[in-house]
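For reference, the chains in residue letters:
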Amino acid sequence: MCDFPFFSLVCTGEIFELKAELNSDKKEKKKEAVKKVIASMTVGKDVSALFPDVVNCMQTDNLELKKLVYLYLMNYAKSQPDMAIMAVNTFVKDCEDPNPLIRALAVRTMGCIRVDKITEYLCEPLRKCLKDEDPYVRKTAAVCVAKLHDINAQLVEDQGFLDTLKDLISDSNPMVVANAVAALSEIAESHPNSNLLDLNPQTINKLLTALNECTEWGQIFILDCLANYTPRDDRESQSICERVTPRLSHANSAVVLSAVKVLMKFMEMLPKDLDYYGTLLKKLAPPLVTLLSAEPELQYVALRNINLIVQRRPEILKHEMKVFFVKYNDPIYVKLEKLDIMIRLASQANIAQVLAELKEYATEVDVDFVRKAVRAIGRCAIKVEQSAERCVSTLLDLIQTKVNYVVQEAIVVIKDIFRKYPNKYESVIATLCENLDSLDEPEARAAMIWIVGEYAERIDNADELLESFLEGFHDESTQVQLQLLTAIVKLFLKKPTETQELVQQVLSLATQDSDNPDLRDRGYIYWRLLSTDPVAAKEVVLAEKPLISEETDLIEPTLLEELICHIGTLASVYHKPPSAFVEGSRGVQHKRLPGSAGSGESADSPDTGSAAGVSEAPPAVIPSQGDLLGDLLNLDLTPPTTSGPPPAPSSGMQMGAMDLLGGGLDSLVGLLHMGAGFGAPPTAMPASFPPPVSGGLDDLFDLGGSVGMPMGAYSPPKSIWLPAMKAKGLEISGTFARRAGVIQMEMTLTNKAMSIMTDFAIQFNRNSFGLAPAGPLQVLTPVGPNQSIEVALPLSTVGPVMKMEPLTNLQVAVKNNIDVFYFSSQYPISMLFVEDGKMERQVFLATWKDIPNDNEAQFQIKDCHLNSDAASSKLQGSNVFTIAKRTVEGQDMLYQSMKLTNGIWVLAELRVQAGNPNYTVSTVVVGLCEFMSLVSSLRLSSDLINNFYPVKTVVFN
């Protein structure tokens, strides 16, 4: 029967007509009315007014009518939650219907109605359906658990549905197993740290058994689940590979790619000398080749995945070069992807074949494709050294065609060939110079200028060629201007007598007539170099350049590993990790390939790892600090929501300092004279750590060797906190400073990797003084390779507190788009001296007198050639305030106070003898104002108080 008439235009009053028909006693009329309602709903008409009437139609034995009513309910239940409850009894009744189709339909519909009021009524019917005798009902109920978990996760956990789902993995029906795996995988994605899919060899065996009998989408779910498992050894890995390999011949391309993903991961654990390893490589090639015979869209997805596979294991497709040759009717996006893979597979064995193809492509009509083909010839020359001469010859042939855009691309790639093979192919420069006038694209002009400047001594008229570019200097792009400036300076250093006027002209244009800061800065640098030290200028400008790498566009290894684990998903098409494009992906786990057989690497998967569910931190980057390491690894690295200046310390924060001083105030006193030869040295740092900041009073007197430092708070020079070799190319150096009452962490982030770094975030572990970022890490632009960026991060002192060893140790986690990295640094104690640390004279005198002499700590500061007034002034810049001064027997005695951010006072006496470069300092530490009330509330004994405070605590107002 044709249903098209139901979609015809409706007349006024139709709602009333439909209401009457829905309440009709005739079943056929009622069925036709519901069809009309669904048709109106489908075309966007609001028929929610008919909700009670449609719900009344649920009481029927007609399966078709029941499906239509359920469809209506799913659409309008959210807007009519109170009315939807009317249907609950029918749902419950249908869940016990003798017909399994009706039971499954009822539980599926209840799962799709996203109304909180209904979920509690769903639990009992769902529990029965999960244990139903019919597998169709069980598989439907399994998916319903995932839907219910999305609505109310706590309810699902309380009702024990997750355990029931896990039991369904052992079900005798393969489709039930597949749906159970799909539901658990869905739930696990929203809760990455939950160990829902507890994979073990027994479970894996059940999944592999079900794999052969379920539908294609069920196979995909099971294969994706298998990819998250890490075998115990190479024998188990081989066994799984043998049982997954038949999926490579499946008609569905998604199943093939999921099987490839599993095999690519498990191959990592197979020894390369194993016979099966070679057999598996041969079996992987045909299915990948077959994917290229599908529609263009599927070809593109396959090619993007193949691009990843050949970067990891080029040997799989090394004999299949011909399938990547471009066809005349391929869309441009397929052509470009095939071109990229051809270059990756190029080798000495097939380079002649590849070059012949590329030369053909360079004569096509598609300009973008021709440009890529010409660049590909250059990349082949750089990759396969034996073919370089043949590639240069091919490029010269293309230049002779005089096709403008071909010539320009050829010149750009020849410049790269010169960089790779210096002093080898310079004979072609004359041919390049003949085409100078035809160059109109900035990149080609810049490349030609670089060639002229680099080989100026071999080009007789190099000055004339560069002067011709100089005539329109201000009309050139920045890229050409910068290259021209450098080229003329090179020419001057090689032929100084002939080009003095030319270099003066370009320096004048760059420094005086240009508004571009990059150009102006480079001009000034060259000018000063040439005017002060021409020999140094020659060493800098004409220094031997490093050879360019063979593959500059390879994906960074860590990212490549993660993308291999996501073959067959959008991540493998975008060539980006899921966290880069999935909203709300804060909890996404970064996947890694297992360690190779015999490599000794950890092979624990997220599912079979430690109970903590956290990857082990690199031991050389961050030291063990009791149980604090787990805290740091579990830190939320999303940017904090707070903004503005850091809030002032609260009384709650001061109380937190009690925990800090659990080891005694002597640790704080020790900080004040660290390195001064008094008391026990702080705990030794691991050898891999950067040298710690001294943090002692020596620094406040500027005895560290920094000359000409302006007056103000002392800030130590930057040191490397995180070396690039420990952080996949990210180097972090930094220092701490106190500016305008705000503690700042000043860092230089340097990218020494090949890929761009973005999405920076930072978090601190619990520490002695509650230091925490007061705002997000502001890295507003991506950091490119070999680039650095300066960042100042304001800090607050209201974070969680825990005593560290040493006291000023700070453990830091930094995240970017590549990974999370950990390091440790020490901040100088002077950063914590607050501006209101000047104590009243009477209070100071009374406090000082009340402290026994044996609670004082004395030490010397050596080689300080400042008089008492200069020392007092310098210390005040770091919030060390002089309360009083007196002179006894020619010795100046300064009485000073300072206050830490957590409310602890430190009193000091500084003795300065005229003509003696050594100072004597006595320090005592005074506890918090709230200490006694806190002690009272905690009912501590006097013995315990004395253990906390070996230095006498004085309470004052």
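Residues numbered from 1 in each chain as written. Predicted model: local features only at pLDDT ≥ 70, side-chain atom pairs only at ≥ 80, totals over all residues. Heavy atoms only, no water.

1. Details of the nonpolar core
What counts is decided by this rule: Definition of nonpolar core: a set of buried residues of the types Ala, Val, Leu, Ile, Met, Phe, Trp, Tyr and Cys, connected through side-chain atoms within 4.5 Å. Burial status follows relative accessibility: with a 1.4 Å probe on protein chains alone, a residue under 20% of its type maximum counts as buried, one over 50% as exposed, and anything between as partly exposed. Each domain's extent was defined by an automatic or database domain assignment. In this description, contact between two residues means that some pair of their heavy atoms is separated by no more than 4.5 Å.
Counting 209 residues, the largest nonpolar core has Tyr72, Leu73, Leu126, Leu207 and Phe418 as the members making the most contacts within it. Shared between two domains, this core holds at least three residues of each, these being domain 1 (346-438) and domain 2 (441-544). Among all residues touching Tyr72, those that are not within four sequence positions of it are Val37, Ile38, Met41, Val47, Ser48, Leu50, Phe51 and Val54. Ranked by size, the runner-up nonpolar core spans 47 residues in total, among them Ile789, Leu793, Val814 and Leu900.

2. Regarding the environment of Val143
What counts, and what does not: Each helix is a run of DSSP H or I of at least 4 residues and each strand a run of E of at least 2, with the numbering of both proceeding from the N terminus.
Relative to the assigned elements, Val143 resides in helix H9 (residues 135-151). Sequence-wise, Val143 and Val107 are 36 residues apart; in three dimensions their C-alpha atoms are separated by 9.8 Å.

3. Observations concerning helix H27 (residues 478-494)
Convention followed: Expected helix span is given by 1.5 Å per residue-to-residue step, counting one fewer step than there are residues.
Between its first and last C-alpha atoms H27 spans 24 Å; for 17 residues at 1.5 Å apiece the expected length is 24 Å, and the two agree. Buried residues dominate H27, accounting for 13 of its 17 residues.

4. Notes on the sheet that holds strand S6 (residues 788-796)
We count it as follows: The criterion for strand pairing is that DSSP finds at least two bridges linking the strands in question.
Spatial strand order, S1-S2-S3-S6-S5: five strands in an open sheet with antiparallel pairing. Single-partner strands in this sheet number two, and they are strand S1 (719-722) and strand S5 (772-773).

5. Considering the sheet that holds strand S4 (residues 761-764)
Basically, it comes down to this: Axis definition: a line fitted to C-alpha atoms, limited for helices to the stretch in contact. Angles are taken between N-to-C directions and run from 0 to 180 degrees.
Strand order across the open sheet formed by three strands is S4-S7-S8, with antiparallel pairing between neighbours. Whereas interior strands pair on both sides, the edge strands pair on one side only; in this sheet they are S4 and strand S8 (820-826). Neighbour to neighbour, the strand axes of the sheet diverge by 25 degrees on average, direction disregarded. Pairing of S4 with strand S7 (residues 809-815), which is carried by four bridges, proceeds in the antiparallel orientation. Opposite Ile762, over in S7, you have Val814 as the bridge partner.

6. Considering the pairing of S8
Of all seven residues that make up S8, six are buried, and the element is covered over most of its length. Judged from the seven bridges that link them, S7 and S8 form a sheet pairing that is antiparallel. Within the sheet, the bridge partner assigned to Val812 lies in S8 and is Phe823. What sits between the antiparallel neighbours S7 and S8 is a turn of four residues.

7. Observations concerning the pattern of salt bridges
Two side chains bearing opposite charge may form a pair once their charged atoms approach each other closely. We apply this condition: Salt bridges, as used here, are contacts in which a Lys or Arg side-chain nitrogen is within 4 Å of a carboxyl oxygen on Asp or Glu.
In total, this model carries 34 salt bridges according to the counting rule given. Residue Glu409 pairs with Arg375 through a salt bridge whose shortest N-O separation is 2.5 Å. Note that Glu409 is positioned in helix H23 (residues 404-420) and Arg375 in helix H21 (residues 367-383), a separation of 34 residues in sequence. The partly exposed category is assigned to Arg375, whose relative accessible area is 29%. A salt bridge links Arg458 to Glu426, with the shortest nitrogen-to-oxygen separation between them at 3.9 Å. Here Arg458, found in the loop between helix H25 (442-454) and helix H26 (462-470), pairs with Glu426, found in the loop between H23 and helix H24 (429-434); they are 32 residues apart in sequence, far enough to count as distant. A relative accessible area of 43% means that Arg458 is categorised as partly exposed. Take Glu426: its relative accessible area is 9%, and that puts it in the buried class. Through salt bridges with shared partners, one network takes in Glu268, Arg312, Arg313, Glu315 and Glu561.

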